[in-house]
Amino acid sequence: MLRNTISLLSRLSRLSRLSRLRAARHAGVLALGTLAAAGAALAQNYSPELIEKGRYLATASDCIACHTASKAQPMAGGHAISSPVGEIVATNITPSKSHGIGNYSEQQFADALRKGVRADGARLYPAMPYTAFARFTNEDVHALYAYFMEGVAPVDAAPKASTALPFPMNVRASMIGWNLLFADGKPFEPDPAQTPEWNRGAYLAQGAGHCATCHTPRGALMQELASQSLSGAQIGAWWAPDITNSRTHGIGSWSVDDLTRYLATGHLPGKAQAAGPMAEAITHSFSRLHESDLRAISRYILSVSSHQPEDSAQRNRFGFGQATDATAGFRGTSFAEGMKQSGVALGAQVFTANCASCHGASGQGTQDGYYPALFGKSITGEANPSNLIAAILNGVDRETPQGGHVFMPPFGDQVNAMVPLKNEEVAAVSNFLLTSYGNPAVSVTADQVQVIREGGAKSGLILLARIGMALGAVVVLGLVMLATKRRRARLER
Ligand code: HEC
Ligand code: HEC
Ligand code: HEC
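Rules used throughout
- Residues numbered from 1 in each chain as written.
- Chains lettered and ligands numbered in written order.
- Predicted model: local features only at pLDDT ≥ 70, side-chain atom pairs only at ≥ 80, totals over all residues.
- Heavy atoms only, no water.
- Donors = N, O, S within 2.8 Å, 3.2 Å for Na, K, Ca; no water.
- Tetrahedral: all angles 85-135°; square planar, octahedral: opposite > 155°, others 65-115°.
- Helix = DSSP H or I, 4+ residues; strand = E, 2+ residues; numbered from the N terminus.
- Buried < 20%, exposed > 50% of the residue type's maximum accessible area, 1.4 Å probe, protein only.
- Core = buried A, V, L, I, M, F, W, Y, C linked by side-chain atoms within 4.5 Å.
- Domains from an automatic or database assignment.
- Contact = heavy atoms within 4.5 Å.
- Near = heavy atom within 4 Å.
- Polar contact = N/O pair within 3.5 Å; in protein donor to acceptor, adjacent residues only side chain to side chain.
- Expected span 1.5 Å × (residues − 1).
- Axes fitted to C-alpha atoms, helices over the stretch in contact; angles between N-to-C directions.
- Parallel < 35°, antiparallel > 145°, perpendicular 65-115°, else oblique.
- Nonpolar A, V, L, I, M, F, W, Y, C, P; charged D, E, K, R; others polar.
- Pairing = 2+ DSSP bridges.
- Phe/Tyr/Trp six-rings, centres within 6.5 Å; stacked < 30°, edge-to-face > 60°.

S.K.: Looking at this structure, I do not really get the coordination of the iron atom of ligand 2. What am I missing?
M.R.: When a metal holds four donors in a tetrahedron, each ideal angle between them is 109.5 degrees; when it holds six in an octahedron, the ideal angles are 90 or 180 degrees. Around the iron atom of ligand 2, the protein contributes the donor atoms His215 (NE2) and Met278 (SD), which lie 2.1 to 2.3 Å from the metal centre. For the iron atom of ligand 2, the six donor atoms in the first shell make angles of 84 to 179 degrees at the metal, a pattern classed as octahedral. Highlighted residues: histidine 215 in helix α10 (residues 211–215) and methionine 278 in helix α12 (residues 276–284), separated in sequence by 63 residues. A residue is classified by how much of its surface remains accessible, and methionine 278, at 21% relative accessible area, is partly exposed.

Structure representation (structure tokens):
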């Protein structure tokens with residue numbers, strides 16, 4: 001019975017894939033037929049101002065970060081987004097009629113964006129942030145549609161990869177239940193008690209900027225926990241820290257100017273710099289927004305309070321460490337000797353050999369701050385060491401619209417890195433930084449480094465879903481047995 005239910009479900013999912021294939025082929029034939037019409041349609045339907053407005057909104061939403069695998073083909077899809085249940089590949093959203101969204105009507109586009117429903121009716125996975133994009137006004141969806149239809153170059157090719165999640169996540173219909181439970185689909189409602197600037201910021205941060213997609217923790221079914229909004233979440237290898245206005249837990253010690261500067265450049269001297277997914281969001285999206293919009297976002301974010309009480313006895317993550325020549329005690333110790341000694345001695349060796357040239361022998365960085373100091377920083381003061389490990393493994397690679405390039409080499413790539421570091425070495429240098437310049441209560445093990453290398457901890461969600469399906473099947477089985485028993489009872493009477 002159980003096996004039957006499962007095989008039925010997987011057959012269903014295969015069937016829907018087949019009919020999609022057929023539909024796609026059908027669309028291809030149609031596309032050929034309408035090619036001549038398409039030529040005529042090249043005449044612009046939308047004003048340059050509207051297309052420009054859509055382009056700006058697409059930038060604010062960072063559509064390009066997920067929907068682009070190769071710079072040469074923006075929005076042509078193929079970029080895989082890692083989720084705890086496997087990789088979900090973003091699709092081609094260029095206006096190609098054969099491989100993109102060229103046949104989407106404005107209504108279908110709006111439904112994909114705000115409800116997570118594809119043109120063929122299939123459900124999208126929430127790796128596409130439709131729970132956030134639900135906030136978009138009709139007017140803004142219209143501008144985005146104009147931009148995607150006439151401002152993006154069509155790419156008539158399918159992305160190299162496609163999504164293949166394990167059972168039962170491959171059953172897209174399962175997202176219907178998820179949406180019922182967790183996608184409120186509510187458009188943005190301005191708060192009349194707040195200023196227009198705050199409302200603009202709330203609209204952009206909750207919708208286009210989708211800060212919560214990364215910074216809000218998720219529950220067992222991957223839903224955002226609204227009661228803990230922006231209080232920090234693990235996304236793959238990276239930790240998106242608490243950005244509520246709590247002075248203890250979040251960024252309550254930042255001013256609106258501070259946050260605006262961080263979003264515009266990815267660097268707030270003396271406090272934080274952005275690597276990983278935040279660096280990407282800044283490079284492609286936030287750094288390209290009008291300053292007035294960044295200020296609005298900052299004003300809103302700094303009004304979001306924490307669910308945790310303030311604790312003045314607890315130091316916040318920006319308050320740890322100072323410049324010390326912590327390596328001095330270990331100089332003259334050979335590498336081999338260091339290995340034999342404590343992990344910190346090894347860490348000091350690794351630091352002197354690989355990091356001090358840029359970050360300074362005392363971890364003070366350079367005067368201009370291009371090579372940052374390593375103390376007093378979020379990354380070494382944070383209780384969760386993921387970002388410290390991930391920054392060492394993956395390096396930092398961030399661009400500014402003014403043509404600046406912030407670069408730290410990756411040390412985790414065992415093939416291409418100039419100096420590949422082993423898990424033990426990454427753990428040791430992390431512990432050296434934490435004890436010398438950061439939060440000494442935090443420590444890193446080689447096993448933790450391996451987990452970050454693999455892109456973060458795997459979730460038990462697949463198992464959970466399978467157990468859920470099994471439980472569902474048991475309930476069905478129970479009902480069937482009950483029904484047959486009743487019938488037999490009736491027959492016997
Ligand atoms: C955080 C990553 C992410 C961002 C940002 C994002 N998308 Fe997506 N999008 C995805 C993924 C992943 C899919 C495929 C999901 C699936 O297969 O279920 C997708 C699917 C879509 C689809 C469905 C296309 C189809 O027929 O397969 C549309 C339309 C779309 N996105 C438009 C947009 C637009 C417009 C933006 C910006 C306003 C945007 N997306 C931003 C990840 C993203
Ligand atoms: C794609 C995921 C993602 C999105 C979207 C995102 N962030 Fe982040 N954010 C991160 C990660 C990861 C970090 C940690 C980066 C690091 O330390 O190198 C971070 C760091 C930050 C920090 C620095 C905190 C600290 O202690 O160093 C601030 C402030 C911040 N984000 C604000 C925002 C705001 C505001 C938005 C929306 C407008 C946003 N983020 C959207 C992932 C994201
Ligand atoms: C070639 C110069 C260079 C070397 C070598 C180097 N770094 Fe960096 N490091 C940088 C730059 C540049 C940044 C980013 C500054 C910014 O984001 O504005 C950075 C940032 C960091 C950060 C902060 C990342 C964040 O998200 O906040 C840490 C931690 C760090 N480096 C540790 C190390 C360690 C440990 C080593 C040695 C294993 C090392 N660095 C070697 C140049 C270097």
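Next comes the rest of the account.
S.K.: Is there a simple way to think about the nonpolar core in this case?
M.R.: Nonpolar side chains tend toward joint burial in soluble globular proteins. Ranked by internal contacts, the top residues of the largest apolar core, which has 67 residues, are Phe109, Phe136, Phe148 and Ile301. With eight residues, helix α7 (residues 138–150) is the single largest residue contributor to this core. A domain-level breakdown of this core finds at least three residues from each of domain 1 (46–182) and domain 2 (203–301). With residues up to four places along the chain from it excluded, the contact list for phenylalanine 109 reads Ile101, Tyr104, Val141, Leu144, Tyr145 and Phe148. Listed in part, the 33 residues of the second largest apolar core include Trp238, Leu346, Ile389 and Ile452.

S.K.: How should I be thinking about the site of ligand 2 in this particular structure?
M.R.: Cys211, Cys214, His215, Met278 and Ser378 are the nearest of the 28 residues found near ligand 2. Note that an oxygen atom of ligand 2 is positioned 2.8 Å from one of the backbone N or O atoms of alanine 275. Between an oxygen atom of ligand 2 and a side-chain N or O atom of asparagine 387, the distance comes to 3.4 Å. If you list the elements that add at least two residues to the shell around ligand 2, you get α10, β4 (238–240), α11 (256–265), β6 (272–273), α12 and α13 (291–301).

S.K.: How should α7 be read in this particular structure?
M.R.: Think of an α-helix as turning once every 3.6 residues; residues three or four places apart then point the same way. Over its 13 residues, α7 extends 18 Å from the first C-alpha to the last, a length consistent with the 18 Å expected when each residue adds 1.5 Å. With respect to burial, α7 is a largely interior element, ten of its 13 residues being buried. Of the positions making up α7, those classed as buried are Asp140, Val141, Ala143, Leu144, Tyr145, Ala146, Tyr147, Phe148, Met149 and Glu150. Those residues of α7 that are buried lie in contact with α3 (48–61), α4 (63–67), α5 (106–115) and α9 (196–206).

S.K.: Help me understand the packing of α3 against α7 in this model?
M.R.: A pair of packed helices can be characterised by two numbers: the angle between their axes and the separation between those axes. With their axes 7 Å apart at the nearest point, α3 and α7 run at an angle of 100 degrees to one another. It follows from the interaxial angle that α3 and α7 lie roughly perpendicular. Mapping the contact onto sequence places Leu50, Ile51, Lys53, Gly54, Arg55, Leu57 and Ala58 in α3 and Glu139, Asp140, His142, Ala143, Leu144, Ala146, Tyr147, Phe148 and Glu150 in α7. Here the residues of the contact of α3 with α7 sort into nine nonpolar, two polar and five charged.

S.K.: Quick question: what am I supposed to make of unusual backbone geometry here?
M.R.: Although it is not a glycine, methionine 75 adopts a positive phi angle of roughly 70 degrees. Tracing the sequence through the fold places methionine 75 in the loop between α4 and β1 (80–83). Of note, the phi angle at leucine 230 is positive, near 65 degrees, even though the residue is not glycine.

S.K.: Before we go on, may I ask you to explain the pairing of strand β7 (residues 396–399) in this structure?
M.R.: Where a strand is regular, its side chains alternate between the two sheet faces. Here β7 shows a clear split, with Val396 and Arg398 buried on one side and none of Asp397 and Glu399 buried on the other. In the sheet, β7 pairs with strand β8 (residues 405–408) via four bridges, with the strands oriented antiparallel. Paired with valine 396 across the bridge in β8 is methionine 408.

S.K.: Looking at this structure, I do not really get the site of ligand 1. What am I missing?
M.R.: Taken together, 25 residues lie around ligand 1, and Cys63, Cys66, His67, Tyr104 and Met128 are the ones closest in. Between ligand 1 and histidine 67, the relevant distance is 2.8 Å, taken from a nitrogen atom to a side-chain nitrogen or oxygen of the residue. Between ligand 1 and the protein, one listed contact pairs an oxygen atom with a side-chain N or O atom of threonine 91 at 3.0 Å. Residues belonging to the shell around ligand 1 are distributed by class as follows: 18 nonpolar, four polar and three charged.

S.K.: It is not clear to me how the packing of aromatic side chains should be interpreted in this structure. Could you clarify?
M.R.: For any pair of aromatic rings, the description consists of the separation of the ring centres together with the inter-plane angle of the planes. Applying the stated criterion across every chain yields a total of 15 aromatic pairs. Seen from their ring centres, tyrosine 46 and tyrosine 145 are 6.4 Å apart, and the 85 degrees between their planes marks the pair as edge-to-face. Of this pair, tyrosine 46 sits in the loop between α2 (35–41) and α3 while tyrosine 145 sits in helix α7, and the two are 99 residues apart along the sequence. Each member of the pair, tyrosine 46 as well as tyrosine 145, is classed as buried. A centroid spacing of 5.3 Å and a plane angle of 75 degrees characterise the contact between tyrosine 147 and phenylalanine 148, whose relative ring orientation is edge-to-face. Here tyrosine 147 matches phenylalanine 148 in class, with each residue buried.

S.K.: Please explain α13 as it appears in this structure.
M.R.: Of the positions making up α13, those classed as buried are Asp293, Leu294, Ala296, Ile297, Ser298, Tyr300 and Ile301. Buried residues belonging to α13 abut α3, α9, α10 and α11.

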